[in-house]
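Summary of the model geometry
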Amino acid sequence: MKYVCDVCGYEYDEAVGCEEAGIAPGTKWEDVPEDFTCPLCAVGKDSFSAAE
C-alpha cells in the first residue's frame, strides 16, 4: 500500500519505508509511529490518505 501526504504529495510506500525517518522497508502504515511527520513538509501522520 501507498499513502500520500494531502499537503505536499509525498508518497509513503510500505515496500520502501522512509529512510529519512528510520522506517525500514516493509513497515505497514499502521506500524509507522504516531509521531511520524512528512519528510518534505512536516505535517503529521493524520494528514496522509491511502493512495488510489
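Structure: above.
Below is a short write-up of the structure.

About the thresholds
- Residues numbered from 1 in each chain as written.
- Predicted model: local features only at pLDDT ≥ 70, side-chain atom pairs only at ≥ 80, totals over all residues.
- Heavy atoms only, no water.
- Phe/Tyr/Trp six-rings, centres within 6.5 Å; stacked < 30°, edge-to-face > 60°.
- Helix = DSSP H or I, 4+ residues; strand = E, 2+ residues; numbered from the N terminus.
- Buried < 20%, exposed > 50% of the residue type's maximum accessible area, 1.4 Å probe, protein only.

Some thoughts on the packing of aromatic side chains
- Considering all chains together, one arrives at seven aromatic pairs under this definition.
- Ring geometry for Tyr12 against Phe36: centres 6.2 Å apart, planes inclined by 65 degrees, an arrangement best described as edge-to-face. Within this pair, whereas Tyr12 is found in strand β2 (residues 11-13), its partner Phe36 is found in the loop between β2 and β3 (48-50), the two being separated by 24 residues in sequence.
- Residue Phe36 is classed as buried on the basis of its relative accessible area of 4%.
- Each member of the aromatic cluster is reached from another via a ring pair, and the members are Tyr3, Tyr10, Tyr12, Trp29, Phe36 and Phe48.

These figures come from the coordinates and say nothing about function on their own.
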